[in-house]
Amino acid sequence: MEIDIIIFVLLVFMAIAALIAVETKNLLSSVISLGAVGFGLSMAFLFLRAPDLAIVQIAVEVVLLIFLIRATISRDTIPETGRIRWWGLAFVLLLMAGVLVFGYFAFHDLGNFGEPIISAVKSTPSNLYLREGLEKTGAANIVTSIILDYRAYDTLGEATVLFTAIIGALAILRSRTKTDKGERKK
Amino acid sequence: MKGMSLIVKTVTRWVKVFIFLFGVYLIITGHLSPGGGFSGGVIIACSYILLTLAFGKEFTLNRFGTGIAKVLDSSSALIFLIVGLLGFGSGGVFFANYLQKRFPGEELSLLGSGNILISNIAIGIKVASSLFLVFIILSVLRLVTGTDGIKRIVQDEEEE
């Protein structure tokens, strides 16, 4: 019960920070509010007993903040002007109301928070990993034993995504260009 | 990109080693405690980004250039793939943990998990060099229009 209150407070804080990030005119304050959302998410992961995710979230958040601040700090900020389209707003509000009603009925019959249904059955993969993870892989950290042993193929896919992104960025933004005749030009 | 003030430089000189070592610690004990290749790699990249911000781009690029970062990026991706492919020969399936099967080692020790340690190190090097390259691309290079009308990317001479 106690953890519910902490998570609720963190979620309200993150929602307010996200609203500020969307609505503020200044780009730099928007970026800093986005950082507040990330750090709130990291604390939420920590309270939900996922220290691996919390470490990754806080490290990536710091790097992302540096990138975004360096990208925005020297730019001129252009305040956006325009009128609100009321029918669009009404449509979005209707859609959100529908999702909320659907979510209330969909989550009504689920189990309590922190007691996943899948752990009630002994032979599910998650229980298997928890029971046999240490002796089969030698890794005491179950998260690592899953992402680098049981599900290493997924991790290879993630590494490929990162590699392809870097290759694309380097190919587009290379400092040396080629002319039409194919000779290298500095 | 020029460096920052004397205070930042002095603090960076003291702190950089500890940030780097914390990243290395997260990588090599990723199978025993929270952490792992990705978070450790991001923190190592953070230490280099801090050096670049504090001392200017020449300081970092002269010691850890983009060429080295590219080579590290590609070779660590290749190491991770080879670790997976070697599972075919030894364990029969892709990414089989053959080292742990063959040399089980002590439980809860540093070398007790076989392939996972090697994969963690490879992913850590890969993420560190990738993020460092992203930072260099995004912050040091800049698009300018030359005198002949051709747009090209240069390393920016000074900070606005």
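Residues numbered from 1 in each chain as written. Chains lettered and ligands numbered in written order. Predicted model: local features only at pLDDT ≥ 70, side-chain atom pairs only at ≥ 80, totals over all residues. Heavy atoms only, no water.

## Focus on the interface of chain A and chain B
Many analyses report the size of an interface as the accessible area lost when the parts associate.
And step 1. With 40 residues of chain A at the contact, the number on the chain B side is 51 residues.
And step 2. Here chain A and chain B share an interface that buries about 3,700 Å² over both sides, 74% of which is from carbon and sulfur atoms.
And step 3. In terms of surface lost to chain B, no three residues of chain A exceed A:Phe67, A:Arg70 and A:Leu148, which account for 17% of the buried area on that side.
And step 4. On inspection of chain A and its partner chain B, the count reaches zero salt bridges.
And step 5. Our count for the contact surface shared by chain A and chain B stands at seven residue pairs in polar contact (both at pLDDT 80 or more).
And step 6. Secondary structure elements with two or more residues in the side of chain A that touches chain B: helix 3 (51–72), helix 5 (125–137), helix 6 (142–150) and helix 7 (152–172) of chain A.
And step 7. Partitioned by chemical class, the residues of the side of chain A that touches chain B number 24 nonpolar, eight polar and eight charged. (Contact = heavy atoms within 4.5 Å. Buried area = accessible area lost by both parts, 1.4 Å probe. Salt bridge = Lys/Arg side-chain N within 4 Å of Asp/Glu carboxyl O. Polar contact = N/O pair within 3.5 Å; in protein donor to acceptor, adjacent residues only side chain to side chain. Helix = DSSP H or I, 4+ residues; strand = E, 2+ residues; numbered from the N terminus. Nonpolar A, V, L, I, M, F, W, Y, C, P; charged D, E, K, R; others polar.)

## Focus: helix 2 (residues 37–55) of chain B
And step 1. Taking 1.5 Å of rise per residue, the 19 residues of helix 2 of chain B would be expected to cover 27 Å, and the 27 Å separating its terminal C-alpha atoms lies within 8% of that figure.
And step 2. Within helix 2 of chain B, 16 of the 19 residues are buried, leaving the element largely enclosed by the surrounding structure. (Expected span 1.5 Å × (residues − 1). Buried < 20%, exposed > 50% of the residue type's maximum accessible area, 1.4 Å probe, protein only.)

## What about empty space enclosed by the protein?
And step 1. For the coordinates displayed, the defined rule picks out one cavity of 30 Å³ or more.
And step 2. Lining the largest cavity we find A:Leu148, A:Asp149, B:Phe95, B:Ala96, B:Asn97, B:Asn115 and B:Ser119. (1 Å grid on protein atoms, 1.4 Å probe; cavity = no way out; pocket = protein on both sides within 12 Å on 5 of 7 lines; lining within 4 Å. Points joined across faces, edges and corners; volume = space filled by probe spheres on them.)

## Quick look at helix 6 (residues 115–139) of chain B
And step 1. Under the 1.5 Å per step criterion, the end-to-end length of helix 6 of chain B is 36 Å for 25 residues, consistent within 8% with the ideal 36 Å.
And step 2. Within helix 6 of chain B, 20 of the 25 residues are buried, leaving the element largely enclosed by the surrounding structure.

## So, the packing of aromatic side chains
And step 1. The tally for this structure, following the rule as stated, stands at eleven aromatic pairs over all chains.
And step 2. Judged by centre distance (5.8 Å) and plane angle (65°), the ring pair of B:Tyr48 and B:Phe132 falls under edge-to-face. You can see B:Tyr48 sitting in helix 2 and its partner B:Phe132 sitting in helix 6, a full 84 residues away along the chain.
And step 3. Through a chain of ring-to-ring contacts, three or more aromatic side chains come together here, namely A:Tyr153, B:Phe80, B:Phe88, B:Phe94 and B:Phe95.
And step 4. The cationic tip of B:Arg63 hangs over the ring face of B:Phe59; the distance from NZ or CZ to the ring centre is 4.0 Å. (Phe/Tyr/Trp six-rings, centres within 6.5 Å; stacked < 30°, edge-to-face > 60°. Lys NZ or Arg CZ within 6 Å of the ring centre and 35° of its normal.)

## A few points about the environment of A:Val56
And step 1. Relative to the assigned elements, A:Val56 resides in helix 3.
And step 2. Remark: the alpha-carbon pair of A:Val56 and A:Ser42, spanning 14 residues in sequence, is separated by 8.5 Å.
And step 3. The residues contacting A:Val56, other than those within four sequence positions of it, are B:Phe38 and B:Ser39.

## Some details on the layout of surface pockets
And step 1. Within this model, the largest pocket holds a volume of roughly 460 Å³.
And step 2. Along the wall of the largest pocket there are 22 residues; nearest its centre are A:Val56, A:Ile147, A:Thr155, A:Glu158 and B:Phe38.
And step 3. Examining the composition of the lining of the largest pocket, we find that five residues originate from one element, helix 7 of chain A, more than from any other.
And step 4. Of the residues assigned to the lining of the largest pocket, the class counts are ten nonpolar, seven polar and five charged.
And step 5. Mapping the lining of the largest pocket onto the domain boundaries places at least three of its residues in each of domain 1 (1–76) and domain 2 (118–179 + 182–186) of chain A.
And step 6. For the second largest pocket, the calculated volume is near 380 Å³.
And step 7. Contributing to the lining of the second largest pocket are A:Ile3, A:Phe47, A:Leu48, A:Arg49, A:Phe113, A:Gly114, A:Pro116, A:Ile118, A:Ser119, A:Ser126, A:Asn127 and A:Leu130.
And step 8. A per-element tally of the lining of the second largest pocket places helix 5 of chain A first, with three residues.
And step 9. Among the residues making up the lining of the second largest pocket, the classes are represented as seven nonpolar, four polar and one charged.
And step 10. Two domains each put at least three residues into the lining of the second largest pocket: domain 1 (1–76) and domain 2 (118–179 + 182–186) of chain A. (Domains from an automatic or database assignment.)

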